[in-house]
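Secondary and tertiary structure notes
Read off the chains here:
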Amino acid sequence: MGIKKEDSLRINIDKCEFLVGRINFVSDEIFNLEKEKIFSKCWLYVGHDSELEKAGDFVTRQVGGRSVIFVKDRDCKIRALLNTCPHRGAQVCREKSGTAKSFQCFYHGWVFSNSGKLVGLPGDDSYTDGFIDNPEKSLTPVPLHSAYRGFHFICFDKGAISLSDYLGNAKEYLDLVVDQAEFGAEIVGGTQEYAIDANWKLLAENSYDGYHAPTNHSTYFDYLKNTTGGLNGSKLEGVGLDLGNGHGVIEYTAPFGRPIASWIEAWGEDGKVRINKIYARLVERFGEERASRIAKFNRNIHIFPNLVVNDIMALTIRTFFPLAPNHMHVNAWSLAPVGEDDVDRKERMFNFLEFLGPGGFATPDDIEALENCQLGFRNMLEARWNDVSRGMNKEEPASDDEEQMRGYWKEWSRRVFDT
């Protein structure tokens, strides 16, 4: 390995200084190590329960550099299968989503049930007896597949720790998201897909960076103040936490209108009645303290290495995978409670698209900032370090500090250099 750990990360506790080498964002060597030691070893999000409503429903995804079929088989078991024909390697399923009893490889016509078993092949008399029943001739399942509260993850390392242990302290925050939905949560609409010409770790940092919001998203805050009565007089105040295993969160007072369950003037008196009813039900289910936390606080949750759950003015799931040191592909979905009132659903989707969508207030701002950082890294030989020290001098870092990022970088460094 040409790059040494001390070129990648420098921590000086006495000086409250935490420096991240810019080489981490541009190096082909680092990129290849990440593919081997992070995306081939960590639990990666693949999909949500609600995307597979009935037997035969499937979606295909690129996860950790692999093509995967996420499918509910005829027995309603959810599976994750490698989208590779065992015959000559072609992708068996070329559709992004749909419903199918079976998958047929277009190249030579091998047919697989939606559980992955080989069930037919042209010219079977040219093969030995029992060939079709050989498990090695069926689609290969991913090595590990597990779910937590509707969120499905896969891992390509058979020796990895359990998903429950991997998520660790992050489960508390996923619970706060899922508990909003009394009758379950569902993905709404399709997938937003876009690309960013920047290193994937920049989006990981940005996803729970409270420090950039007032400046980079100032247009949005001005818009809320002037048009929707949206800020409710509150500021972005809260905490930033390292949750262990590279996961982190910022949790802060909610300055936006939230269908669960924080009213703003723009929603009118009818909206206030609906929101108060939702909040009252949260209190019935969880008590005043937890209901208040669910309704009145925002959460930007990052699950290492590349899953973001934004519980803010809307619920967003976002993943991002690197295709090169300076290029990533992003997927995003809106999540909402099943059975939500039509008007509240409309407001939720408006919030989602207005701020978090590819054409919203936030995402273009963030993309411009991240791509600009990537351009700035061209000066890395002379200007070598990013500073991630904000809040190191505090016992309890705030939501606009960088404690959560430091936890991320420690886990990243441990995996890339120590394992």
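Below, the structure is looked at part by part. (Residues numbered from 1 in each chain as written. Predicted model: local features only at pLDDT ≥ 70, side-chain atom pairs only at ≥ 80, totals over all residues. Heavy atoms only, no water.)

A few words now on the overall build of the protein. Within the protein, the regular secondary structure consists of 12 helices and 20 strands. Since a compact globule built from 419 residues should have a radius of gyration of about 22 Å, the 23 Å found for the protein is in line with a globular shape. Across its three principal axes, the protein shows a C-alpha extent of roughly 75 × 60 × 35 Å. Here the protein holds 419 residues, and the buried ones make up 53% of them. If you take every contact in the protein between residues at least 6 apart in sequence, the share linking residues at least 24 apart comes to 64%. For the protein, the accessible area works out to roughly 18,800 Å², and carbon and sulfur atoms hold 48% of it. Averaged over its 49 positive side-chain charges, the protein has a centre that lies 3 Å from the centre of its 62 negative ones. (Helix = DSSP H or I, 4+ residues; strand = E, 2+ residues; numbered from the N terminus. Rg over C-alpha atoms; globule rule 2.2 N^0.38 Å. Buried < 20%, exposed > 50% of the residue type's maximum accessible area, 1.4 Å probe, protein only. Contact = heavy atoms within 4.5 Å. Areas by Shrake-Rupley, 256 points an atom, 1.4 Å probe, with all protein chains shown as cover. Lys, Arg positive; Asp, Glu negative; His and termini not counted. Charge placed at Lys NZ, Arg CZ, Asp CG, Glu CD.)

Let's shift gears to the sheet that holds strand β16 (residues 297-303). Taken in spatial order, the 7 strands line up as β13-β19-β18-β17-β16-β15-β14 in an open sheet, and their pairing is antiparallel. Two strands bound the open sheet, and with one partner strand each, they are β13 (185-196) and β14 (238-244). Taken over all neighbouring pairs, the strand axes of this sheet differ in orientation by 15 degrees on average, direction set aside. By the bridge criterion, 5 bridges tie strand β17 (residues 307-311) to strand β18 (residues 315-324) in an arrangement that is antiparallel. By the bridge assignment, asparagine 310 is partnered in β18 with threonine 316. (Pairing = 2+ DSSP bridges. Axes fitted to C-alpha atoms, helices over the stretch in contact; angles between N-to-C directions.)

If a probe the size of a water molecule is rolled over the atoms, the empty space left behind becomes visible. On inspection of all chains with the given rule, the structure shows 3 cavities of 30 Å³ or more. Taken as a whole, the largest cavity holds about 330 Å³ of empty space. Lining the largest cavity we find 27 residues, and of these Asn206, His212, His217, Asn300 and Phe355 sit closest to its centre. When contributions to the lining of the largest cavity are tallied by element, the ones reaching two or more residues are β13, α5 (200-206), β15 (247-253), α10 (342-356) and α11 (362-376). The greatest single-element share of the lining of the largest cavity, amounting to 4 residues, is contributed by α11. Here the residues of the lining of the largest cavity sort into 14 nonpolar, 9 polar and 4 charged. A volume near 50 Å³ is recorded for the second largest cavity. In this structure, the second largest cavity is lined by Gln180, Arg258, Pro259, Ile260, Asp311, Ile312, Met313, Ala314, Leu315 and Arg348. Each residue belonging to the lining of the second largest cavity can be placed in one class, and the counts come to 6 nonpolar, 1 polar and 3 charged. (1 Å grid on protein atoms, 1.4 Å probe; cavity = no way out; pocket = protein on both sides within 12 Å on 5 of 7 lines; lining within 4 Å. Points joined across faces, edges and corners; volume = space filled by probe spheres on them. Nonpolar A, V, L, I, M, F, W, Y, C, P; charged D, E, K, R; others polar.)

Next up on the list: the sheet that holds strand β12 (residues 151-155). Across the sheet, 3 strands lie side by side as β3-β12-β11; this open sheet has antiparallel pairing. In this open sheet, the two strands that pair with only one neighbour each are β3 (44-48) and β11 (144-148). The average angle at which neighbouring strand axes cross in this sheet is 30 degrees, direction not considered. Strand direction decides the pairing type here: β3 and β12, joined by 4 bridges, are antiparallel. Within the sheet, the bridge partner assigned to glycine 47 lies in β12 and is histidine 152.

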